[in-house]
Amino acid sequence: MVERINSIPVERQLELLSKYGISEKKREEGEKELPELPGAERGRVVLRLPPEPSGYMHIGHAMAFSINYLYKQKYEGKLWLRFEDTNPRKVEKRYYENFRRGISWLGIEYDFEKNVSEDMELIYEFGRRMILSGNAYACSCSLERVKKFRFEGIECEHRANSTEKNLRIWEEMLSKKYGEGTYVIRMRGDMKNQDYSLRDPNIFRIIQKAHPVTLTKYVVWPTYDFANVIEDEICNVTHILRSSEFHTALQDTIRRMLSFRKVHVIQFSRFSFKGTPVQKRLLRPLVEKGLVQGWDDPRMPTVEGIRRRGILPQAIIRFTKEVGYTKSEHEYDWSLLFAVNRKLLDPIAKRLFFVPSPSRLRVRGLKKSVEIRLHPDRDLGSRKIEVDEELFIPAEDMESIEVGEVFRLMELCNVRLLSKGRDAEAEYAGDELTQETRKVQWVAGKPVEVRVIIPGELFDEKGSFREDSLKEVNGIAEEYFSSLQEGEIFQFVRFGFCRVDSRNTVVFAHR
RNA sequence: GCCCCGGUGGUGUAGCCCGGUCAAGCAUACGAGCCUCUCGAGCUCGCGACGUGGGUUCAAAUCCCGCCCGGGGCACCA
């Protein structure tokens, strides 16, 4: 029954339906809304993007930032861009700019920007307060000893030092009297706590390496958890939306010790795509061994990589909104992102002809000039093509077309194949357009040689690098191709969406 | 070892807090058809899931316990 109805054209179906008084059920199209944030009030929400400028921004950052941005919009709140640059050993100047670029590419508008390293004096003030209130102490245990004691739940002797002594050492640390590894400041937690991260964690350590922003001004640096709590307090952050590789217990404790306000913490698991991990640990070897072209290789999850791959920034934001966030482990299939990207691209991408593995075809007596629209149903302009007897069609089509068969050269005319092979010939067979005839794209005139790079997943299921992660297709495109802008995303008809990477190279995005 | 957090179709999610309306919604993928001068878009239909074992209850995807599996933390990294 269903089959029978389906075989009737839609218009006729609707006709029949209205005849029987059945109206079309309107589907509510509403875009998916993000869940409400606890305790969020319009206009009073403050969020933050906290990148560590120690590596390239990747899709995981992009999505986590998007969530924050979406909530900023939802509640008309404020958004900070805050560089978590408290480890001079990891931070590098160029990455600050890389993040700024990535964020602006995404179209994320933030209200304030700062580096945590600019707030050192303030952070020191809170460190001092921790010591004065007995919540922190200076410790000179070796790393091994700290570890051992923490594991065994034993308090070291430094824990019993007087406030005066702690304060003296603290001041001396600040005045650069000590070298690395001599002293650290630890939070007085609970050496018996079942959660080991509360067994007197370190909150300040000495690092004698020049910082890209503050240079050699400071040597005592706060650890992430400490700096973060302070920054969230002074930035007036109301909601922390971050991935779940962070534990809240420690930060909550510090917040309590310093009598800071409560902050809503929402955690979600890391965003990553199938076969394309975001961890530097896995990516760096690929770059170093030359298995990929660089950090901006279109197979890479870096912002630069996915941009080259033809993903629109809006697609990332919209995709993020669709999948939302969860604490459950997941690995997105690229096809999910592609689907969103395709929807955005379809109405704006120009349609061009590309012939992979071209096969020469002579059409007897053909001489024609056609003007073809650049989009089937949007007005994106058109291009004019002069056709002579000689043109090219894909080898794949040439092979499957039988001699004597009539097929259509898209937007041009019908032809009948007379012979195959090197001197393949065809003859004109009318202009009538019918649904059944096979349609083939073609290239004539002055073809442009084009190389299409097809990026795939970097790793297979077992986690080893895929040698075939990058494929290549060569062919010719119509002349109009040369007038595309670098970076422009368009569609090669019957082939897929691509982005102009460089003069004669395009990167395949998806079908 | 200890401590957190998860486990809904191939993939991603909704539902779980407040048990029934869930013989489980949506998207994507896949299959079929309609439409279309694209293998794109649009439209219609189909396919397919509550980790596992107990318990509570008239009733469990939803609450409780055990187990299994996955992720994260226990850094002088963030």
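Here the structure is a predicted model, which means the values were calculated and not measured.

Engineer: Can you walk me through the overall build of chain A in this structure?
Structural biologist: On a plain count of helices and strands, chain A comes out with 14 helices and 25 strands. The C-alpha atoms of chain A give 31 Å as radius of gyration, which overshoots the globular expectation for 511 residues (24 Å, by more than 25%). Counting only C-alpha atoms, chain A reaches 100 × 60 × 40 Å along its principal axes. By residue count, 35% of the 511 residues in chain A fall in the buried class. Counting contacts in chain A only where the partners sit at least 6 residues apart, residues at least 24 apart contribute 70% of the total.

Engineer: Mind showing me how you'd approach the sheet that holds strand β10 (residues 351–352) here?
Structural biologist: Through backbone hydrogen bonds, the strands of a sheet pair up, either in parallel or in antiparallel fashion. One open sheet accounts for 7 strands, arranged β10-β23-β24-β25-β21-β22-β11; its pairing is mixed. In the strand order of this sheet, the two ends are held by β10 and β11 (354–356), each with one partner. Bridge analysis of strand β21 (residues 448–455) against strand β22 (residues 470–477) gives 8 bridges, and the strand direction is antiparallel. Paired with V448 across the two strands is A477, which belongs to β22. Strand contacts of helix α13 (residues 334–345): β23 (489–492), β24 (496–502) and β25 (505–510), with the helix running at about 115 degrees to β25, the strand carrying the most contacts.

Engineer: Quick question: what am I supposed to make of the nonpolar core here?
Structural biologist: Core analysis: the largest hydrophobic core is formed by 86 residues, its most contacted members being A62, F65, I316, F354, W442, V443 and C498. Every residue in contact with I316, bar those within four places of it in the chain, is listed here: A62, M63, S66, L106 and I311. By size, the runner-up hydrophobic cluster in this structure holds 30 residues, among which are I123, F126, A136 and Y183.

Engineer: Where do I start with the sheet that holds strand β6 (residues 202–206) in this structure?
Structural biologist: Taken in spatial order, the 4 strands make up an open sheet running β4-β5-β6-β7, and their pairing is antiparallel. Each having just a single partner strand, β4 (136–139) and β7 (220–222) make up the two edges of the open sheet. Across the sheet, the mean angle separating the axes of adjacent strands is 20 degrees when strand polarity is ignored. Two elements, β4 and strand β5 (residues 184–187), share 4 bridges in a ladder whose sense is antiparallel.

Engineer: Looking at this model, I keep getting lost on the protein's contact with RNA strand B. Mind explaining?
Structural biologist: Inspection of the region around RNA strand B gives 61 residues, with E84, Y196, Y224, S328 and R494 positioned closest. Elements with a contribution of two residues or more to the surface near RNA strand B: α1 (2–6), α6 (143–152), β6 and α13. A breakdown of the residues in the surface near RNA strand B according to their chemical character gives 18 nonpolar, 20 polar and 23 charged.

Engineer: Explain the confidence of the model for chain A here, please?
Structural biologist: Should pLDDT be low for a region, the predicted coordinates there are not to be read in detail. Put simply, chain A has an average pLDDT of 93, and 94% of its residues get 70 or more. Note on residues 1–30: pLDDT is under 50 here. Beyond four places in sequence and across chains, it has 4 contacts. Across the interface, the model reports ipTM at 0.95; the global pTM reads 0.93.

Engineer: How should α13 be read in this particular structure?
Structural biologist: The α-helix advances 3.6 residues per turn, and as a result positions three or four apart in sequence lie on the same side. The terminal C-alpha atoms of α13 lie 16 Å apart, and with 12 residues this matches the ideal 16 Å at 1.5 Å per residue to within 8%. Within α13, the full set of buried residues consists of L337, F338, V340, N341 and L345. Down the axis of α13, the smallest arc covering the buried residues is 165 degrees, so these residues share one side. Pointing more than 90 degrees away from the buried face of α13 are the exposed residues S335 and K343. Those residues of α13 that are buried lie in contact with α12 (313–323), β23, β24 and β25.

Engineer: What's the story with the packing of helix α3 (residues 59–75) against α12 in this structure? I'm lost.
Structural biologist: Between two packed helices, the angle of one axis relative to the other and the distance separating the axes together describe the packing. At a minimum axis distance of 9 Å, the contact between α3 and α12 shows a crossing angle of 75 degrees. Relative to α12, α3 is oriented roughly perpendicular. Counting all contacts with α3, which are made through A62, M63, S66, I67 and L70, the residues of α12 involved are I316, I317, T320 and K321. Partitioned by chemical class, the residues of the contact of α3 with α12 number 6 nonpolar, 2 polar and 1 charged.

Rules used throughout
- The residue numbers shown here count from 1 along each chain, following its written sequence.
- Just so you know, chain letters begin at A and ligand numbers begin at 1, following the order they were written in.
- Owing to the predicted nature of the model, reporting of local features is limited to residues with pLDDT of at least 70; listing and counting of side-chain atom pairs is limited to 80 or more, with chain, interface and lining totals taken over all residues.
- In this description a helix means any DSSP run of H or I spanning at least four residues, a strand means any run of E spanning at least two, and both kinds are numbered starting from the N terminus.
- What the globule rule says is 2.2 Å times the number of residues to the power 0.38, and the radius of gyration is computed from C-alpha atoms.
- Once C-beta atoms are placed from the backbone, each residue is buried if 20 or more other C-beta atoms lie within 10 Å of its own, exposed if 12 or fewer, and partly exposed for counts between those two.
- Note on contacts: residues are paired as contacts if their backbone-placed C-beta atoms lie within 7 Å.
- Strand pairing is defined by DSSP finding a minimum of two bridges between the two strands.
- Axis definition: a line fitted to C-alpha atoms, over the contacting stretch in the case of helices. Angles run 0 to 180 degrees between N-to-C directions.
- A set of buried Ala, Val, Leu, Ile, Met, Phe, Trp, Tyr and Cys residues, joined to one another through C-beta atoms within 7 Å, is what we call a nonpolar core.
- The rule is simple: place the C-beta atom from the backbone, and if it lies within 6 Å of a molecule or strand, the residue is near it.
- Residues are grouped as follows: nonpolar covers Ala, Val, Leu, Ile, Met, Phe, Trp, Tyr, Cys and Pro; charged covers Asp, Glu, Lys and Arg; every other residue, Gly included, is treated as polar.
- pLDDT expresses how confident the predictor is about each individual residue, on a scale running from 0 to 100.
- Here the expected length of a helix is defined as 1.5 Å per residue gap, with one fewer gap than residues.
- Within this analysis, the arc is defined by the directions that extend from the helix axis to the C-beta atoms.
- An angle below 35 degrees is treated as roughly parallel, one above 145 as roughly antiparallel, one from 65 to 115 as roughly perpendicular, and anything else as oblique.

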